[in-house]
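Overview (structure and organization)
Listed here are the chains, written in short residue letters.
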Amino acid sequence: MSDSPVTAVDLNQDTDVLVHDSHNVDPNKPLVEIRDLAIGFTTQGGVVEALKGVSFDIFPGETVAIVGESGSGKSTTAHGIINLLPENGKITGGSVKFEGKDLAHAKKSELYKVRGRDIGFVPQDPMSNLNPVWSVGFQVREAVKANGLATNKKDVNARAIEVLKEAGLADAERRMAQYPHQFSGGMRQRVLIGIGLAANPKLLIADEPTSALDVTVQRVILDHLEALTRERNTALLLITHDLGLAAERATKLIVMYQGKIVEAGPSLKILQDPQHPYTKRLIASAPSLASQRISGTHVDHVGGEEAGIDVADLAAKHERAKANQAATPVVEVKDLTKIYSIRKGNFKSEPLRAVDNISFKIPKGSTLALVGESGSGKTTAAKMVLGLEKPTSGDIFLDGTNLAGASRSELFKVRRKMQPVFQDPYGSLDPQRSIGAIIGEPLKVHKVGDNASRDARIKELLDQVSLPTAVAKRYPNELSGGQRQRVAIARALALKPEIVVLDEAVSALDVLVQAQILQLLADLQSDLDLTYLFITHDLAVVRVVADEIAVMEQGKIVESGTADEIFSNAQTEYTQKLLEAIPGAGIEWGDV
Amino acid sequence: MLTYILRRVLQAIPVFFGTTFLIYFMVFAMPGDPIAGLFGDKTPNPAVADALRAQFNLDQPFIMQYLLYMKDFFTGNLGVTFSGQQVSDVLARAFPVTLKLVLMAVVLEFILSVVIGLISGLRKGKFFDNISLVVALVLSSVPVFVAMFVAQYFVGIKWGLAPVTVGADTTWGAMFLPAAVIALTVYVTGMRLMRGSVIESRQADYVRTAYAKGLTHKRIVPVHIARNSLIPVITNTAASFGALIAGTTVTEGIFNIPGIGQVLYQAITQSEVPTVVTFVTILTVIYVIVNILVDLLYAVLDPRIRYV
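Computed from a prediction, not measured in an experiment: that's the story for all the values here.

Okay, the sheet that holds strand S13 (residues 367-371) of chain A next. All names here are of chain A. Pairing within the open sheet is mixed, and its 6 strands lie in the order S16-S17-S18-S13-S19-S20. At either end of the open sheet lies a strand with only one pairing partner, and these are strand S16 (418-421) and strand S20 (556-562). Each adjacent strand pair in this sheet contributes to an overall mean axis angle of 15°, direction not counted. Here strand S17 (residues 499-503) runs beside strand S18 (residues 531-536); their pairing, made up of 5 bridges, is parallel. Directly across from Val500, in S18, lies its bridge partner Tyr532.

If you want it as structure tokens, here you go:
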């Protein structure tokens with residue numbers, strides 16, 4: 001990695017962005033010039049440098065994307081531009097020139113004028129970025145008023161409705177009085193985009209604007225954002241962890257790593273011909289439709305490097321999968337249905353078929369991926385398989401035993417064979433207990449062995465998930481997200497289960513860590529002959545883990561088949577829509 | 001919404017009977033013969049004592065006493081005290097005084113909690129916050145009666161800013177000093193709650209978004225920070241309202257305020273069952289009503305809360 005910050009290349013000449021200049025700016029003069037920007041955070045251990053001298057330009061009407069893993073400084077850069085750092089954050093050096101004014105050293109009153117009016121901001125999480133106690137209309141009107149777009153009540157209201165309509169909320173008038181919790185995630189993000197663009201700013205900063213949304217919704221929102229910014233010639237700074245998305249949307253790409261820019265240039269060029277080793281690793285790790293099923297690499301187990309694909313192993317795996325199809329399935333689900341009743345007030349309720357008559361089988365040692373958008377019922381199905389939720393009707397067979405009629409004590413025994421790993425590695429580990437205690441708990445609950453043998457088993461498990469045994473004495477907050485997810489996997493494996501239910505187990509992780517965990521799961525599967533039920537919304541991940549796929553929509557399985565069948569020849573429109581929505585699907589990726 | 005209110009009112013019915021029964025039983029179980037106590041050292045004429053017993057239903061078994069009392073209560077007859085006054089008259093005289101005192105104390109407490117908590121939260125770890133913490137610690141560790149004597153001595157006697165005792169003059173102004181002292185000794189909990197939730201909400205994502213929209217600090221503090229931090233403070237204030245009404249005995253004693261605290265104290269020492277039970281019942285009803293009102297207020301404060 002070079003020590004001097006890389007200055008982004010001026011791409012403006014070769015981009016064919018429609019320039020109908022509504023802002024009266026010189027298209028060849030940068031709108032934003034960031035030079036040697038350094039930002040530090042004061043922590044208990046002193047000042048931590050989050051940005052170590054970042055320099056780049058954004059030209060009028062241009063779309064620039066910053067990519068990197070969490071902690072790389074990409075969000076800090078975004079917040080630093082408009083000086084909206086957390087309280088312990090401070091700009092320690094460099095400058096942010098916006099139309100010649102240095103925002104890094106501007107007075108508060110000057111910043112108030114720039115924010116909203118000249119630079120709009122679309123935050124990451126639509127769930128937490130609208131104030132829950134004020135109506136949506138109130139929050140839009142507030143932005144309209146603050147930026148002096150209208151003064152009297154009637155005009156403010158009219159402009160607010162207009163803003164929401166432009167952002168794609170067709171029934172804005174009716175929804176103005178509603179509160180954020182009455183909006184879906186996608187709707188809320190539209191509101192936030194509307195607020196960000198309300199004053200027709202010259203630059204819009206979008207910080208992971210769609211990471212919290214389903215792929216299909218993500219696509220619609222990004223298309224809309226792109227259309228709006230193009231129409232108004234607004235420059236867009238897009239912050240994302242998703243390389244495919246960045247390449248698809250931005251003309252210029254900036255790759256950040258540990259507070260520095262490691263590579264910058266035209267998007268396609270970076271994707272197809274990356275120069276920096278970090279970018280190469282990012283590209284290699286990002287799962288895409290062109291990826292292959294990862295298989296176990298227990299021979300040269302490197303636990304963290306790129307997923308090597310061994311052809312012989314792949315073939316062996318295929319053979320085994322074929323042989324297994326004849327064997328009795330470990331898990332068999334028949335006509336499973338779950339109906340929730342939704343309260344409507346006045347003692348009335350309405351049935352909601354969360355899972356509607358689904359059936360599937362998982363052969364031993366293979367992986368079934370259950371995919372679908374949020375609300376499609378995939379997690380409810382997984383909960384029922386785990387026995388955490390009681391089915392309304394239908395049967396679940398585990399090694400031939402029907403769980404539906406099982407008593408409490410029988411269920412307790414069955415649970416040994418079946419263990420879950422959940423999505424959020426921060427929420428699923430008790431922060432008050434040591435890693436050793438967390439991993440050992442299932443053994444204790446099921447009264448397996450004595451203290452000494454349990455300790456030995458904990459060490460063995462940590463070894464299996466490639467964590468040092470010293471980790472046993474540490475606490476969850478001392479570990480990174482990837483390490484925590486390894487701990488969650490170790491806990492799931494403690495009882496030597498046959499089946500592991502992975503509910504969005506890699507969705508919260510960065511691509512590099514995600515690749516490592518997926519490799520680990522593949523290794524464990526081939527070593528221990530595990531059966532996986534893999535729940536995810538991410539079809540690119542499915543491509544690399546699944547043997548078979550079941551696509552869920554509104555509680556029903558609308559399509560199922562082997563991974564190859566689904567990916568090469570999706571039958572239903574819904575599946576095709578899901579596949580098309582994967583960011584970067586249409587881009588030729590560099591071979592690294 | 002209406003169903004919710006109805007359900008809450010229905011829930012209050014067992015609470016009402018439960019408390020009255022419990023109180024009735026406890027006063028009944030207190031040692032000593034209340035009639036004998038009335039006569040002090042003298043031995044009462046057995047005929048007079050029996051007549052008095054009959055008048056107060058003391059010759060009946062416990063459960064009958066309770067049922068007769070309840071019958072009277074619902075027909076509007078709250079009984080008479082041993083001194084012959086109508087309990088309803090005593091209540092009508094004493095209750096407004098206490099209510100005035102407590103209302104003033106609670107309003108002051110709320111204002112102190114919100115204002116000091118907000119400033120402390122916004123300036124966490126700075127000078128104001130540290131001073132407010134020390135003051136809070138001192139005020140909450142001083143016993144109420146000590147604080148009251150100190151206030152009486154300085155404000156009332158030395159500086160002459162307020163009457164030392166209240167007596168018959170139960171105007172708002174005359175009761176300001178005791179109300180302020182009560183508020184100062186109880187505001188700490190609310191202040192700390194406010195401070196905590198301000199610290200939390202000023203770091204909230206929607207606050208950052210509000211700044212990004214171009215709003216100023218002056219607008220964000222009341223609209224997006226203070227407003228979102230009120231719920232725990234309001235809960236606390238409501239809870240203290242009930243506790244304060246029941247706990248004014250000491251304050252009313254020290255400042256000589258003719259409120260229910262004094263009446264209740266005398267009634268308990270003399271085992272005057274009807275007076276005690278009536279007062280406690282009224283307190284219970286107020287407590288229940290205040291809690292229902294607070295629960296309804298939540299929906300106004302936080303639109304995510306819906307009653308079904």
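More follows now that the structure is in view.
Moving on: the environment of Leu204(A). Residues and elements named next belong to chain A. Secondary-structure assignment places Leu204 in strand S7 (residues 203-207). Placed 141 residues apart in sequence, Leu204 and Thr63 show a C-alpha to C-alpha distance of 9.4 Å. What Leu204 contacts, discounting residues up to four positions off in sequence, is Gly120, Phe121, Val122, Gly196, Leu197, Leu225, Thr229, Thr234, Ala235, Leu236 and Leu237.

All names here are of chain A. Chain-level pLDDT for chain A is 84 on average; 88% of the residues reach the 70-or-more range. Per-residue pLDDT, averaged within each element of chain A, yields its smallest value for helix H11 (residues 311-326) (52) and its largest for strand S6 (residues 119-122) (95). In this model residues 1-22 is a low-confidence stretch, pLDDT under 50, and it forms 42 contacts with partners more than four residues away in sequence or in other chains. Scored below 50 in pLDDT, residues 299-309 makes 11 contacts in the model with residues more than four places away or belonging to other chains.

This part covers the nonpolar core. Residues and elements named next belong to chain A. Within the largest apolar cluster, 109 residues are counted, with the highest numbers of intra-cluster contacts made by Phe56, Ile119, Leu203, Ile205 and Leu237. Once residues lying within four places of it in the same chain are set aside, the contact partners of Leu203 are Leu31, Val32, Ile58, Phe98, Asp118, Ile119, Gly120, Thr234, Ala235, Leu236 and Leu237. In this structure, Val215, Val421, Leu502 and Leu524 belong to the second largest nonpolar core, which totals 58 residues.

Here we take up the pairing of S18(A). Residue and element names in this part refer to chain A. Burial runs high along S18: 6 of the 6 residues are buried. Both faces of S18 are covered, namely the face carrying Thr531, Leu533 and Ile535 and the face carrying Tyr532, Phe534 and Thr536. Strand direction decides the pairing type here: S13 and S18, joined by 5 bridges, are parallel. Its bridge partner being in S18, Leu368 is matched across the sheet by Leu533. Handedness of the crossover joining S17 and S18 through helix H17 (residues 511-528): right-handed.

Calculation criteria
- Residues numbered from 1 in each chain as written.
- Chains lettered and ligands numbered in written order.
- Predicted model: local features only at pLDDT ≥ 70, side-chain atom pairs only at ≥ 80, totals over all residues.
- Heavy atoms only, no water.
- Pairing = 2+ DSSP bridges.
- Helix = DSSP H or I, 4+ residues; strand = E, 2+ residues; numbered from the N terminus.
- Axes fitted to C-alpha atoms, helices over the stretch in contact; angles between N-to-C directions.
- Contact = heavy atoms within 4.5 Å.
- pLDDT = per-residue confidence, 0-100.
- Core = buried A, V, L, I, M, F, W, Y, C linked by side-chain atoms within 4.5 Å.
- Buried < 20%, exposed > 50% of the residue type's maximum accessible area, 1.4 Å probe, protein only.
- Right-handed = clockwise from strand over helix to strand, strands pointing away.

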